[in-house]
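Here is what each chain is made of, one letter per residue.
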Amino acid sequence: MLVLLVLATRIVVFLPDYILPQEALLWLCGQKLASGGKLYLSVWYAGPPIMPWLYAAFEGLLGEYSLVSLRIATCIYLYLTAAYFNGILIQNKFIERKNFLPGILIIVFSATPWHGMELSAPLFSLLPITYAFHSILRLTNEKGGNFLRLFTSGFVLMLVFLADYTLLMVVVGVIIFYLSIRRPRTDELLTILIGMGLCGLLFGLVLFYQNSLSEFWRTGILTHFWFKLPEGEGLAFYSQRALTLTRTIGWVGLLIIAILGFIHFRVKYFTYTIMIRRVESAQALWLGCAFISYLIAGRNLQGDEFFLALLPLAGYTSKIWELSRNIRLRVATGGLLLLGPILTFAGVTGLVAPKDVPFISAETSKSMLFGDCFPDEQEQELITFFDDPFTISGVWILGFKPEWHYWTKARSATRYTDFRASYQRISYLSQVNREIPTSIKELDIRIFRQFKRDMPGLIIDPGSRFEKFKKRFPLLFSQFREMTVGGIPIYRREAKGP
């Protein structure tokens, strides 16, 4: 049943042209990496390395079928996560043996709203985090088995951190959980740290042998943590308000019922067995650390980071549902739970248009409302324009529009694949004066050498940034001529004369 539910709720990802900005960025990085690029050195990505390398592995193995295969793999991965978490709750008697509600909730709400279905870092992290908490729960008085569980827990926790730095708090939560249910032993704590250290060392060695460590420090770490959404020039890297707001509205029933479940359990905490209390403590720590992560992210919080709290929310909601023996109360609870998903999937079928949704203005395009998953009218003109074979020389997009690479099938000509990093490190891409720390600033000589070696045939400039950039490097870009496609400024490189 869970398998069919996964396929039913995520069928939209197999529609033509469906792509998400973050998914498109990872796909673009993976494409360049599979073609021989080196992460951070010749492929910029403002974040840790796991996700770009994962997308690159699929691209290298499956080529043009990589994204479809990755989405199928994501469905399988989500099913395994839901089944594993559901099994832990049943095994430890947190819920009744025949209760599959946690797994169902995980699958349904991971697709609510439906513009968060890519294999993102938070979604990828759910299974390793579940394994780590479960391994701590299974610790016994026998040292041999314990050390293996603790070592593998440390290893997968470092994988989680190397997928998304925001998940650090949940990694800390797992260690706190160990300290809270067991008298800490130096050798056991050391085993966790060895597992984490070995995982980090392996990935560090890969970067070292690719000569990418220094660029990883600048682009993958410093740029990531210095990153802030720009002010004063109307630039938005994501449909931030729409993404966060629709996620909150879609999850409102789940949030309310989970909070009630948490309160109810805590009121009757000592009436439960020790093992049930431990399972609940793991979920409480997980949930608390997830919310702390949200607070730390602040205005840079992304919609897919809501997934971090999904499993404990599903666990608490299932508990309160199990305690509601009254059929009317269960129907009311179920209706509240389903309200968000129903409205969300009504949007998929076109039954709900932006003008019908009161919490977003009527002027908001449907493409923007649902996370820029499909091309709008302007972008359709751009796609038609790219039928011209000149695009084989590659493009450079001066904006966070990686999905345009996917829709137009145009390769990225430069190493500046992640515009978030480019914006933070190259001062000439800003329309306002700002200081860039010297530790991350891209030097003019490096910019010059990059374009001298890999000059794009086309520059797409949705944010009107190219003129300022061209003034700084007039000789490099003297052959570019401006044109407009679908209202989007485009600069096309002309061939040299005889």
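Residue positions are given per chain, counted from 1 along the sequence in the order it is written. Owing to the predicted nature of the model, reporting of local features is limited to residues with pLDDT of at least 70; listing and counting of side-chain atom pairs is limited to 80 or more, with chain, interface and lining totals taken over all residues. To get the side-chain values, all heavy atoms of the structure are used, and hydrogens and water are removed first.

Caption draft 1: Local environment of the packing of aromatic side chains. Any pair of Phe, Tyr and Trp rings, taking the six-membered ring for Trp, is counted once the centres come within 6.5 Å. Such a pair is stacked with planes under 30 degrees apart, edge-to-face with planes over 60 apart, and tilted for the rest. The full count for this structure, using the stated rule, is 35 aromatic pairs. Here W27 and Y406 contribute two aromatic rings whose centre-to-centre distance is 5.4 Å and whose plane-to-plane angle is 90°, an arrangement assigned as edge-to-face. Taken as a pair, W27 in helix 2 (residues 21–34) and Y406 in helix 18 (residues 402–408) lie far apart in primary sequence, 379 residues in all. The rule is simple: take the accessible area with a 1.4 Å probe, protein chains only, and divide by the maximum for that residue type; under 20% is buried, over 50% is exposed, in between is partly exposed. Its relative accessible area of 9% is what places W27 among the buried residues. Residue Y406 is classed as buried on the basis of its relative accessible area, which comes to 15%. Measuring from ring centre to ring centre gives 6.0 Å for W251 and F306, while their planes differ by 90°; the resulting arrangement is edge-to-face. With W251 in the loop between helix 11 (240–250) and helix 12 (252–267) and F306 in the loop between helix 13 (274–297) and helix 14 (310–323), the pair connects residues that are 55 residues apart, well separated along the chain. Classification of W251 by relative accessible area gives buried; the value is 1%. Ring-pair connections join several aromatic residues into one group, and the members of that group are W44, W396, Y416, Y428, F451, F466, F469, F473, F477, F480 and Y491. For a Lys NZ or an Arg CZ to count as sitting over a ring, it must be within 6 Å of the ring centre and within 35 degrees of the ring normal. Above the ring of F94, the side-chain terminus of K319 is found at 5.3 Å from the ring centroid. Taking NZ or CZ as reference, R472 lies 5.3 Å from the ring centre of F473, over its face. Put simply, DSSP marks the helices as runs of H or I at least four residues long and the strands as runs of E at least two long, and each gets a number from the N terminus on.

Caption draft 2: Structural detail: the nonpolar core. Here, the term nonpolar core denotes a set of buried Ala, Val, Leu, Ile, Met, Phe, Trp, Tyr and Cys residues that are joined through side-chain atoms within 4.5 Å. By size, the foremost hydrophobic cluster in this structure holds 139 residues, and its most contacted members are M51, F451, I460, F469 and F477. Whether two residues touch is decided by their heavy atoms; if any such pair falls within 4.5 Å, the residues are in contact. Excluding its chain neighbours within four sequence positions, the residues that come into contact with F477 are F451, M455, I459, F466, F469 and K470. Counting residues in hydrophobic clusters, the runner-up holds 5 residues, among them V12, V13, Y18 and L20.

Caption draft 3: Molecular detail of the sheet that holds strand 4 (residues 488–493). DSSP calls a pair of strands paired once it identifies at least 2 bridges connecting them. Pairing is mixed across the open sheet formed by 4 strands, whose spatial order is 1-2-4-3. In this open sheet, the two edge strands, each paired with only one partner strand, are strand 1 (395–397) and strand 3 (480–485). Strand-to-strand twist in this sheet, taken as the mean axis angle between neighbours without regard to direction, amounts to 20°. As judged from the 3 bridges shared by strand 2 (residues 458–460) and strand 4, these two strands associate in the antiparallel manner. Of the residues in strand 4, the one forming a bridge with L458 is R492. Axis definition: a line fit to C-alpha positions, over the contact stretch in the case of helices; interaxial angles, taken between N-to-C directions, run 0 to 180 degrees.

Caption draft 4: Region of the structure containing empty space enclosed by the protein. Put plainly, a pocket is an open set of points on a 1 Å grid over the protein atoms alone with protein on both sides within 12 Å along at least five of seven lines, a cavity is a set where a 1.4 Å probe fits but cannot get out, and a lining residue has an atom within 4 Å of a point. Grid points are joined across faces, edges and corners, and a volume is the space filled by probe spheres set on the points. Counting across every chain of the model gives 3 cavities of 30 Å³ or more. Estimated volume of the largest cavity: approximately 100 Å³. Along the walls of the largest cavity sit F85, I88, L89, T130, F133, H134, L137, V279, A282, Q283 and W286, which together make up its complete lining. Looking at the lining of the largest cavity, the elements that each hand over two or more residues are helix 4 (66–91), helix 6 (121–137) and helix 13. Gly is put with the polar residues, along with every residue not named as nonpolar or charged; the nonpolar set is Ala, Val, Leu, Ile, Met, Phe, Trp, Tyr, Cys and Pro, and the charged set is Asp, Glu, Lys and Arg. A breakdown of the residues in the lining of the largest cavity according to their chemical character gives 8 nonpolar, 3 polar and no charged. Space inside the second largest cavity adds up to approximately 80 Å³.

Caption draft 5: Representation of the pairing of strand 4 in the model. Pairing of strand 3 with strand 4, which is carried by 6 bridges, proceeds in the antiparallel orientation. For M483, the partnering residue across the bridge sits in strand 4 and is I490. Hairpin connection between strand 3 and strand 4: a loop of 2 residues separates the two successive antiparallel strands, and G486 in this loop has a positive phi of roughly 60°.

Caption draft 6: Expanded view of the pattern of salt bridges. Salt bridge, as used here, is a side-chain nitrogen of Lys or Arg placed within 4 Å of a carboxyl oxygen of Asp or Glu. Within the structure shown, the criterion is met by 14 salt bridges. For R472, the salt bridge identified is with D444, shortest N-O distance 2.6 Å. You can see R472 sitting in helix 21 (residues 466–472) and its partner D444 sitting in helix 20 (residues 444–453), a full 28 residues away along the chain. Accessibility expressed as a relative area gives 37% for R472, which makes it partly exposed. By sharing partners, the salt bridges in this structure join E215, R218, R415, R425, E442 and R446 into a single network.

Caption draft 7: A look at a nonpolar patch on the surface. Only residues whose relative accessible area exceeds 30% and that form no salt bridge are eligible for patches; like-charged ones are grouped when within 9 Å, while nonpolar side chains (Val, Leu, Ile, Met, Phe, Trp, Tyr) are grouped when within 5 Å. Using a 1.4 Å probe, the Shrake-Rupley method yields the accessible areas, and only the shown protein chains count as cover for residues. Together, L198, L201, L202, L205, F208, Y209 and L213 line one region of the surface with nonpolar side chains, adding up to about 690 Å² of accessible area. Counting residues per element, the nonpolar patch draws most heavily on helix 9 (residues 186–209), which supplies 6 residues. Within the secondary structure layout, L205 lies in helix 9.

Caption draft 8: Main features of the side chain of S66. Within the element layout of this structure, S66 appears in helix 4. Dropping the residues within four chain positions of it, S66 is found in contact with W27, F58 and E59.

Caption draft 9: Representation of the packing of helix 4 against helix 6 within the structure. The geometry of helix 4 relative to helix 6 is characterised by a closest axis approach of 10 Å and an angle of 25° between their N-to-C directions. Classed by the angle they form, the pair helix 4 and helix 6 counts as roughly parallel. Seen along the crossing, helix 4 lies across helix 6 with a hand that is left-handed. Listed contacts from helix 6 to T74, Y77, L78, T81, Y84, F85, I88 and Q91 of helix 4 are L123, F124, L126, L127, P128, T130, Y131, H134 and L137. For the contact of helix 4 with helix 6, the residue count by class is 12 nonpolar, 5 polar and no charged. Throughout this description, any angle smaller than 35 degrees is read as roughly parallel, any larger than 145 degrees as roughly antiparallel, any in the 65 to 115 degree range as roughly perpendicular, and the remainder as oblique. Handedness of a crossing is defined here by the sense of rotation of the near helix relative to the far one, left-handed for an anticlockwise turn of less than a right angle and right-handed for a clockwise turn.

Caption draft 10: Quick look at helix 6. One fewer than the residue count of a helix, multiplied by 1.5 Å, yields its expected span. Over its 17 residues, helix 6 runs 24 Å from end to end, which matches the ideal 24 Å to within 8%, given 1.5 Å per residue. By the largest-angle criterion, L127 marks the main kink of helix 6, which is about 30°, and a proline, P128, follows within four residues. Among the 17 residues of helix 6, 15 are classified as buried, and the element is accordingly described as predominantly covered. To get the bend at a given residue, fit one axis to the seven residues ending there, fit another to the seven starting there, and take the angle between those axes.

Caption draft 11: Layout of the environment of L89. Its place among the elements puts L89 in helix 4. Sequence-wise, L89 and G315 are 226 residues apart; in three dimensions their C-alpha atoms are separated by 7.7 Å. Excluding anything up to four places from it in sequence, L89 contacts F94, I95, P102, V279, Q283 and G315.

Caption draft 12: Up close: the confidence of the model for the protein chain. How sure the predictor is of each residue is captured by pLDDT, a score from 0 to 100. Predicted confidence across the protein chain gives a mean pLDDT of 82, with 83% of residues reaching 70 or more. Segment residues 232–239 is flagged for pLDDT under 50; beyond a separation of four residues in sequence, or across chains, it makes 24 contacts in the model. Confidence drops under pLDDT 50 across residues 348–371; counting only partners more than four residues distant or on other chains, this segment forms 43 contacts.

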